[in-house]
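Residues per chain are reported as follows:
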Amino acid sequence: MKNQRMLDELTELMRIDVSSGQETEIAEHLVKKLEQMGFAITRDEAGATFGGVCGNILAVREGERDGVVCFCSHMDRVPGGIGIKPVEEDGILRSSGDTILAADDLSGVAAILEGVRQAIESGKALPKLEILFTVGEEAGLYGAKAFDVSLLTSKTMYVLDSPGRIGRIVNGAPGRALLEAQVFGKAAHAGNEPEKGIDAAKIMAEMLATMETGRLDENTTSNFSHLWSKTCEAMNVVCDHAILRGEMRSRSGEKLDRYEAYFQSHCREIAEKRGARVEFKRENTFLPFFIPEDSEMIQIVTESLKEMGIEPQINGGGGGMDGNIFNQKGITCVGIATGYFKNHSTEEYLYLDDFYHAGELVARIIGRIA
Ligand SMILES: [Zn+2]
């Protein structure tokens, strides 16, 4: 059923020009709305950590009864989201074709606002409500990384930021880590005495050519796309330094560790055979997470969905979201889909019925918090 209030609020937010790091205008807008609903606002300095000007917004409304619940969405959007003109047709919202729609993640923001509003309007005593609107999510989860979770009372968080139909609950996401091998060979004049050198570039190429990469299993992948060698600088010298750099992703932290071990032993073996030395580096972008289906926080969502006549679909997500970071920081997060698809492209669209249901779902979750 159409919810004109939700649609108006959503399109109003979409028309505000926003990019990662430049969220001030939408943040001020949201603060006003939240204050009108009785929330106290805390801001932080998250923007400064990635060259932005705006911080995260934490809005807290004290409860009239026991319990606490936390909802999160991000205020920024991917590039290409300036001058959005939303167009509604046959129950679907799209951009006019030359921008993204920013339903990722304003559908989440607007669903939270609506759900809270419905809960307040119900006149029932409510639990403590915590709403976190983050900055810089699309640029690298910067807002979540900078946020001090000790400000939260809730130990769980519903993150409304997942593509898919209403009913989809994202209870896991892959982790990602960067891997690097630095190969140290030996320089020699390439024309006079190449046999005295140890060619690091060639060794790096051998490492990559014989390594297992790409799809490693159903939910583990790797990709090495950054190759650097000193040969780029001096063509008449046998290369003595080369770097192989890439990423691995998996839903299993154990599999990430296992692939890292494989990567190291594979490269070391080749380096030793060729008389070179190798050094390794690993950097976690985010670690994987998985929340069991029978956990209380998921049960609250599935029961609420069933009340609405919507079949829950619990599955893992594809990419990184704020939830990855918060799970790492000890706040248990699941993602909730709000009905958008093809996000990060000009073809992005939103099922409005799903979006309206997402607002109702937030209200029902609040009602079920004990
Ligand atoms: Zn998003």
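Each remark here, short or long, concerns the structure printed above.
Residues numbered from 1 in each chain as written. Predicted model: local features only at pLDDT ≥ 70, side-chain atom pairs only at ≥ 80, totals over all residues. Heavy atoms only, no water.

1. Comments concerning the overall build of the protein chain
Tallying secondary structure elements over the protein chain gives ten helices and 18 strands in all. Expressed as lengths along the three principal axes of its C-alpha atoms, the size of the protein chain is roughly 85 × 45 × 40 Å. Restricting to contacts in the protein chain with at least 6 residues of sequence separation, those with at least 24 account for 79%. On the protein chain, roughly 16,200 Å² of surface is accessible, and the fraction owed to carbon and sulfur atoms is 49%. Of note, the protein chain has its 40 positive side-chain charges centred 3 Å away from the centre of its 57 negative side-chain charges. (Helix = DSSP H or I, 4+ residues; strand = E, 2+ residues; numbered from the N terminus. Contact = heavy atoms within 4.5 Å. Areas by Shrake-Rupley, 256 points an atom, 1.4 Å probe, with all protein chains shown as cover. Lys, Arg positive; Asp, Glu negative; His and termini not counted. Charge placed at Lys NZ, Arg CZ, Asp CG, Glu CD.)

2. Digging into helix α1 (residues 4-14)
It helps to recall that an α-helix has 3.6 residues per turn; residues three or four apart then point in one direction. Listed in full, the buried residues belonging to α1 are M6, L7, E9, L10, T11, L13 and M14. Tucked into the core, α1 has its buried residues touching α2 (24-36), β4 (87-89), β5 (92-94), α3 (103-121), β18 (349-351) and α10 (352-368). Looking at where α1 begins, the residue whose side-chain oxygen comes 3.3 Å from the main-chain nitrogen of R5 is N3. (Buried < 20%, exposed > 50% of the residue type's maximum accessible area, 1.4 Å probe, protein only. Polar contact = N/O pair within 3.5 Å; in protein donor to acceptor, adjacent residues only side chain to side chain.)

3. Comments concerning the pairing of strand β6 (residues 128-134)
It is a general feature of regular strands that their side chains alternate between the two faces of the sheet. Burial analysis of β6 places seven of its seven residues in the buried class, the great majority of the element. For strand β2 (residues 57-61) and β6, the ladder comprises five bridges, and the chain directions are antiparallel. Bridging across to β6, A59 finds its partner in I131. Bridge count between strand β3 (residues 68-74) and β6: seven bridges; the pairing is parallel. (Pairing = 2+ DSSP bridges.)

4. Structural notes on the environment of Y356
Looking at the secondary structure, you find Y356 in helix α10. Note: C-alpha distance between Y356 and E193 (163 residues apart in sequence) is 73 Å. With residues up to four places along the chain from it excluded, the contact list for Y356 reads M1, K2, N3, M6 and L7.

5. Overview of the coordination of the zinc ion
Every protein donor of the zinc ion is accounted for by H74 (NE2), D104 (OD), D161 (OD) and D161 (OD), and the metal-donor separations fall at 2.0 to 2.7 Å. Around the zinc ion, the four donor atoms sit at angles spanning 51 to 139°, and that spread fits a shape best called irregular. Motif for the zinc ion, donor spacing along one chain: H-x29-D-x56-D. Of this pair, D104 sits in helix α3 while D161 is found in strand β7 (residues 156-162), placing the two residues 57 residues apart along the sequence. Across the pair, exposure class does not vary: D104 and D161 are buried alike. (Donors = N, O, S within 2.8 Å, 3.2 Å for Na, K, Ca; no water. Tetrahedral: all angles 85-135°; square planar, octahedral: opposite > 155°, others 65-115°.)

6. Points about the environment of T346
Secondary-structure assignment places T346 in the loop between β17 (340-341) and β18. With a relative accessible area of 40%, T346 lands in the partly exposed category. The residues contacting T346, other than those within four sequence positions of it, are S95, G97, D98, T99 and I100.

7. Some remarks on the sheet that holds strand β11 (residues 220-229)
On the basis of which strands lie adjacent, the open sheet formed by five strands has the order β10-β11-β12-β9-β13 and antiparallel pairing. Of all strands in the sheet, those bounded by a partner on one side alone are β10 (214-217) and β13 (277-286). Along the sheet, successive strands turn relative to each other by an average axial angle of 20°, direction set aside. The pairing of β10 with β11 spans three bridges and is classified as antiparallel. Considered in β11, the bridge of R215 is made with T221. The sheet contacts of helix α6 (residues 200-209) involve β9 (175-184), β11, β12 (241-250) and β13, and relative to β12 the element is tilted by about 20°. Along the sheet face, helix α7 (residues 253-273) touches β9, β10, β11, β12 and β13 and points at about 160° away from the line of β13. (Axes fitted to C-alpha atoms, helices over the stretch in contact; angles between N-to-C directions.)

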